[in-house]
Amino acid sequence: MVAHDRSVPRTGAPGVAGWSALPGARTLLSARFRIAVGLTLTCLAVGLMGFYIGRRVGHPDGQFGIDFMVYQLAATDLAAGVSPYAPSMLAGPIAAQGELLYKYAPPFAQSLAPLASLPVAAGTVIWGLVQASLCLAAVWLAGSFGGARAGLERAVWTVAAVALYLPVWDSIWKGNVSAVQALQSTLLLGGGTMAGASLATAILLKTSPLALLPAAAAMGGRLLKSCLVISCLTVVVSVALAPAAWLDFLRIQPNLLTGSAVLPTNLAPASMAAVVLPEVPLLAAALRLATLAVGVGCVAAAVIVCRRPGGW
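In this text, all values refer to a predicted model and were calculated from it rather than measured experimentally.

## Some remarks on the overall build of the protein
1) Next: Counting its secondary structure elements, the protein contains 16 helices and zero strands.
2) Next: Considering only C-alpha atoms, the protein reaches an extent of 80 × 50 × 50 Å along its principal axes.
3) Next: In the form shown here, the protein has an accessible surface area of approximately 18,400 Å², with 71% of it arising from carbon and sulfur atoms.
4) Next: Here the protein carries 18 positive and 9 negative side-chain charges, and the mean point of each set is 17 Å from the other.

## Side note on the pattern of salt bridges
Between side chains of opposite charge, pairing is possible as soon as their charged atoms come close.
1) Next: Within this structure, the stated rule accounts for three salt bridges.
2) Next: Notably, a salt bridge pairs Arg34 with Glu153, separated by 2.4 Å at the nearest N-O pair. Residue Arg34 is found in helix α3 (residues 31–57), and its partner Glu153 is found in helix α8 (residues 152–163); the two are separated by 119 residues along the sequence.
3) Next: A residue is classified by how much of its surface remains accessible, and Arg34, at 27% relative accessible area, is partly exposed.
4) Next: With its nearest N and O atoms 3.3 Å apart, the salt bridge here joins Lys174 to Asp170. Within this pair, Lys174 and its partner Asp170 are both found in helix α9 (residues 166–174), separated by four residues, close to a single helical turn.
5) Next: Residue Lys174 is classed as partly exposed on the basis of its relative accessible area, which comes to 22%.
6) Next: For Asp170, a relative accessible area of 25% translates into the label partly exposed.

## Notes on helix α10 (residues 178–188)
1) Next: Among all positions of α10, only Ala179, Val180, Leu183, Gln184, Thr186, Leu187 and Leu188 are buried.
2) Next: For α10, the secondary structure elements touched by its buried residues are α7 (120–145), α9 and α11 (192–205).

## Regarding the side chain of Asp248
1) Next: On the secondary structure map, Asp248 appears in helix α14 (residues 243–258).
2) Next: Residues in contact with Asp248, not counting those within four places in the same chain, are Ser83, Tyr85 and Leu90.

## Focus on the layout of surface pockets
1) Next: Its boundaries defined by the atoms lining it, the second largest pocket holds a volume of some 310 Å³.
2) Next: The wall of the second largest pocket is formed by 16 residues, among which Phe108, Ser111, Val180, Gln184 and Thr201 lie closest to the centre.
3) Next: Listed by contribution, the elements that provide at least two residues to the lining of the second largest pocket are α6 (106–111), α7, α10 and α11.
4) Next: Here the lining of the second largest pocket gets five residues from one element, more than from any other, and that element is α11.
5) Next: Taken together, the residues of the lining of the second largest pocket break down into 11 nonpolar, five polar and no charged.

## Quick word on the nonpolar core
1) Next: Ranked by internal contacts, the top residues of the largest apolar core, which has 43 residues, are Tyr71, Tyr85, Tyr102, Tyr104, Phe108, Leu112 and Trp127.
2) Next: When residues of this core are traced back to their parent elements, those giving at least two are α3, α4 (66–79), α6, α7, α8, α9, α10 and α14.
3) Next: No other element matches α4, which puts six residues into this core.
4) Next: Here Tyr104 is in contact with Tyr71, Tyr85, Val177, Leu205, Lys206 and Phe249, once residues within four sequence places are set aside.

## A short note on the environment of Leu152
1) Next: Relative to the helices and strands, Leu152 is located in helix α8.
2) Next: The exposure class of Leu152 is exposed, given its relative accessible area of 58%.
3) Next: Distance in space between the C-alpha atoms of Leu152 and Ile35 is 7.8 Å, their sequence separation being 117 residues.

## Considerations on the packing of α3 against α9
1) Next: Contact geometry of α3 with α9 gives a least axis separation of 11 Å together with a crossing angle of 35°. Here α3 and α9 pass one another in a crossing that is right-handed. When α3 is examined against α9, the residues Ala45, Leu48, Met49, Tyr52, Ile53 and Arg56 are found in contact with a partner set consisting of Trp169, Ile172 and Trp173.
2) Next: Across the contact of α3 with α9, the residue classes tally to eight nonpolar, no polar and one charged.

## Digging into the environment of Ser231
1) Next: Within the secondary structure layout, Ser231 lies in helix α13 (residues 221–241).
2) Next: Counting along the chain gives 35 residues from Ser231 to Gly196, while the straight-line C-alpha distance between them is 9.5 Å.
3) Next: Setting aside its immediate chain neighbours within four residues, Ser231 contacts Ala200 and Leu204.
4) Next: Within polar-contact distance, the side chain of Ser231 engages the backbone oxygen of Cys227 at 2.7 Å.

What counts as what
- Note that residues are indexed from 1 along each chain, following the sequence as it is written.
- The predicted nature of this model means local features are confined to residues of pLDDT at least 70 and side-chain atom pairs, given and counted, to a pLDDT of 80 or more, with totals for whole chains, interfaces and linings taken over all residues.
- Note: side-chain values were computed over all heavy atoms of the structure, leaving out hydrogens and water.
- Strands here are runs of E lasting at least two residues and helices are runs of H or I lasting at least four, both read from the DSSP assignment and numbered beginning at the N terminus.
- Note on areas: Shrake-Rupley, 1.4 Å probe, and residue coverage restricted to the protein chains presented here.
- Charge assignment: positive for Lys and Arg, negative for Asp and Glu; neither His nor the chain ends contribute.
- All charge positions are set by atom: Lys at NZ, Arg at CZ, Asp at CG, Glu at CD.
- Salt bridge, as used here, is a side-chain nitrogen of Lys or Arg placed within 4 Å of a carboxyl oxygen of Asp or Glu.
- Residue exposure (1.4 Å probe, protein chains only): buried if accessible area is under 20% of the type maximum, exposed if over 50%, otherwise partly exposed.
- Any two residues whose heavy atoms approach within 4.5 Å are treated as being in contact.
- Lining residues are defined by having an atom within 4 Å of a point belonging to a cavity or pocket. Those points lie on a 1 Å grid over the protein atoms alone, cavities being sets where a 1.4 Å probe fits but cannot get out and pockets being open sets with protein on both sides within 12 Å along at least five of seven lines.
- Grid points are joined across faces, edges and corners, and a volume is the space filled by probe spheres set on the points.
- When residues are grouped by polarity, Ala, Val, Leu, Ile, Met, Phe, Trp, Tyr, Cys and Pro land in nonpolar, Asp, Glu, Lys and Arg in charged, and all others, Gly among them, in polar.
- Here the nonpolar core consists of buried residues drawn from Ala, Val, Leu, Ile, Met, Phe, Trp, Tyr and Cys, with membership extended through side-chain atoms lying within 4.5 Å.
- For every element, the axis is a line fit to its C-alpha atoms; helices are fit only across the contacting stretch, and the angle between N-to-C directions ranges from 0 to 180 degrees.
- What makes a crossing left-handed is the near helix being turned counterclockwise from the far one by less than a right angle; a clockwise turn instead makes it right-handed.
- Whenever a nitrogen or oxygen atom comes within 3.5 Å of another N or O atom, the pair is scored as a polar contact, on the condition that within protein one atom can donate a hydrogen and the other can accept it, and that pairs from neighbouring residues in sequence are kept only if both atoms are in side chains.

Structure below.
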């Protein structure tokens, strides 16, 4: 055995002390410098976002608040005792994109009742501010769950990360529910009662989070109990306020399932195959079945994984 010669420097990635010896690295190790860079990027990003969205507001094809307008109209209809679902949705298949239609369960529109009477532009601005706040909360909580320590530098870079992320611009510009889903997904990481409540609201907002329910059932405990309690309470109150809307919502589910989702903007494998190779319809059908099989497999794997220590 040959002893290691301590006089010869070891190769490999240097530590903090090693990095500080590199040209210009000392500056990057300064917290004040990093905060200054983060503040600069934040100001630039927020300014660009405001400028871009501002230009969209007055543009005839700007689509400013295009999704929020649908939600606000649904909230207005429910407040007036009218079903938020258009007659065409009850008559036949509903395409995934195209006509602006409210496709969610009634509770979401009911929660927007405070914004129902506002002008569309004002409501969209308020909803945009709410969405920005939800995005910030989601990123901050995700960092906390990951073990990051609270501090000024982290706060600055959290704002910078949100402001520089283009899907956040898109969400605020169109007024959709992406920020709500971001916070719901983040709260799931915490487990326990809060995760159960978050899963319940996610399922009532969009039906796809139902895929997490088997894993939640396998976890049991406070997570499952809070999910069931919040779901039941919300549905009972919502049905009591708008029973006809719930009947219509149940009636449109088959039409949503049978509606076409073959679109150039849909990146699902089956849709892409149908758009690129329309002359081979069997390929799209096979990919659709394969995708469903993989999805079911992932749901089953989640049940197995979450039973392990720290699996959730």
